Amino acid sequence: MVLKLNPNHQLLWHSPSTLQIGTDARSVVLPQLSAEQERFIDALYFGVAPNQLAAVAKQAKLPAQQAKVLLEQLEPLLQKHANGKSDFDLAGLPPDPAQPQFAETIWASLKHSTGGQAVMTERHKRVVQIDQLDASGLLAMLALAGAGVGTLVTLDQSVVTAADTGPNGYPEGLIGHQRVTAAHLILQATWPASRLVSARDLKPSQIDTVDSVLFLAQQVIDPKRYGPWAARGIPHQTLVFDATGVELSPVLVPGKTACLNCQHLNKRQNQPHWGVVSSQLLTSSLRFDHTANKLIGVGLAVQVLLGWLDQIGGFGKATDTGFRYQLDTGELEQLAWQRHGDCSCALVSASAA
Ligand SMILES: [Zn+2]
């Protein structure tokens, strides 16, 4: 394993002799930095094999003990192996200046303390289904593609209507086209590295292997929409827009995590009229995915979903909480996703264990 400083942790000089490395909570400040220490740090940006450390320190004219102390200080900034995967294809080499450092790669690298490209390579293997490609679904699809997800799938067979158009939706010229065809054209024009597939072209066994399904809904999600996927054991997530903001679940894994029905039962327990109110909201045709809500909601959902997809790829751990964003207060609340004793999903889980 090569010891290598993550090149996305920036070198920032406070003064000619005081160096800060990195800008997040892991950042390290080194006062009175010597030329020897600086040379050793330079070597760590290129990557050093552990059995070469003594030689590199000697070459930098840095005493071995000082090199050891410095290395311990810089440990949080080193790239790490993820779950034993060999993700150091470029270890020892500086970033290729011919390759643009996309924000996605930089963020993936900093988030998982690893080579960002290794994370992107795994994301390219992931398959996400978006159940409906209205304007919000289209935005989610493009955001996932932009973050490196290789294959998007949809069952949507509707056509583009005027309600789906706008700066964050479909161009007006695509009204009347099948949404999947229109979304495919947009993806091809903006990010051909990812592909959109109609679920009608897939076998049921292929659909069962998608890494997650994203359901978008207004106010309340109809259990008929997610029920079949939950019954088939397919991980899924909901993004629900309402009058006060947006609410999203973590990625729910049937048999392992609490389910959407658990959340419904918990809400019914805490809000006396939720049962009757939610059944009426379900029939409403009002939409609340206005621009601000849509961008915030899709952003949050994509961030949570990427955490799950990266976990499948061997990087980090996905969150097990959902989120609610209140538009009027700007408050972001974490939502615990807890089992409800009356929900049958606990029985499914117990029988699977
Ligand atoms: Zn449940």
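Residues numbered from 1 in each chain as written. Predicted model: local features only at pLDDT ≥ 70, side-chain atom pairs only at ≥ 80, totals over all residues.

Caption draft 1: Structural context of the nonpolar core. Ala140, Met141, Leu214 and Leu305 are the most contacted members of the largest nonpolar core, which has 55 residues in total. In this structure, Phe40, Ile41, Leu44 and Leu74 belong to the second largest nonpolar core, which totals 13 residues. (Core = buried A, V, L, I, M, F, W, Y, C linked by C-beta atoms within 7 Å. Buried ≥ 20, exposed ≤ 12 C-beta atoms within 10 Å, placed from the backbone.)

Caption draft 2: Quick peek at the confidence of the model for the protein. Per-residue confidence for the protein gives a mean pLDDT of 91, with 92% of residues at or over 70. Every residue in residues 84-100 is under pLDDT 50, and counting partners more than four places away or in other chains gives 19 contacts. (pLDDT = per-residue confidence, 0-100. Contact = placed C-beta atoms within 7 Å.)

Caption draft 3: Broad picture of the sheet that holds strand E7 (residues 212-218). The strand order across the open sheet formed by eight strands is E6-E5-E4-E7-E8-E9-E10-E11, and the pairing between neighbours is mixed. Pairing within the sheet leaves two strands with one partner each, and these edge strands are strand E6 (195-198) and strand E11 (331-336). Sheet twist, expressed as the average angle between the axes of neighbouring strands with direction ignored, equals 20 degrees. Across the sheet, helix H7 (residues 179-190) lies against strand E5 (151-154) and E6, angled at about 165 degrees from E6, the strand it touches most. (Pairing = 2+ DSSP bridges. Helix = DSSP H or I, 4+ residues; strand = E, 2+ residues; numbered from the N terminus. Axes fitted to C-alpha atoms, helices over the stretch in contact; angles between N-to-C directions.)

Caption draft 4: Structural detail: the domain arrangement of the protein. One can read the domain layout of the protein as domain 1 (11-93) and domain 2 (118-352). One C-alpha centre belongs to domain 1, the other to domain 2, and the line joining them spans 41 Å. (Domains from an automatic or database assignment.)

Caption draft 5: Seen up close, the pairing of E7. Counting buried residues in E7 gives six out of seven residues, a clear majority hidden from the surface. Where strand E4 (residues 127-130) lies against E7, three bridges are found, and the strand directions are parallel. Across the sheet, isoleucine 130 pairs through a bridge with leucine 214, a residue of E7. Pairing between E7 and strand E8 (residues 236-242): six bridges, direction parallel. Its bridge partner lying in E8, alanine 217 is registered against valine 240. Crossover E7 to E8 through helix H9 (residues 223-231) is right-handed. (Right-handed = clockwise from strand over helix to strand, strands pointing away.)

Caption draft 6: Summary view of unusual backbone geometry. Unlike most non-glycine residues, lysine 61 shows phi in positive territory, near 65 degrees. Topologically, lysine 61 is positioned in the loop between helix H2 (53-59) and helix H3 (64-74). You will see that glutamine 219, though not glycine, has its phi angle at about 70 degrees, which is positive. Examined against the element boundaries, glutamine 219 turns out to sit in the loop between E7 and H9.

Caption draft 7: The pairing of strand E9 (residues 245-248), seen in detail. Note: E8 against E9, four bridges, orientation antiparallel. Bridging from a neighbouring strand, leucine 239 pairs with leucine 248 of E9. Linking E8 to E9, which pair antiparallel, is a turn of two residues.

Caption draft 8: View of the sheet that holds strand E3 (residues 28-30). Taken in spatial order, the three strands of this open sheet run E1-E2-E3, and their pairing is antiparallel. Among the strands making up the open sheet, the edge pair consists of strand E1 (11-15) and E3. Averaged over all neighbouring strand pairs, the angle between strand axes comes to 25 degrees, with direction disregarded. As judged from the four bridges shared by E1 and strand E2 (residues 18-21), these two strands associate in the antiparallel manner. Residue pairing in the sheet places tryptophan 13 in a bridge with leucine 19 of E2.

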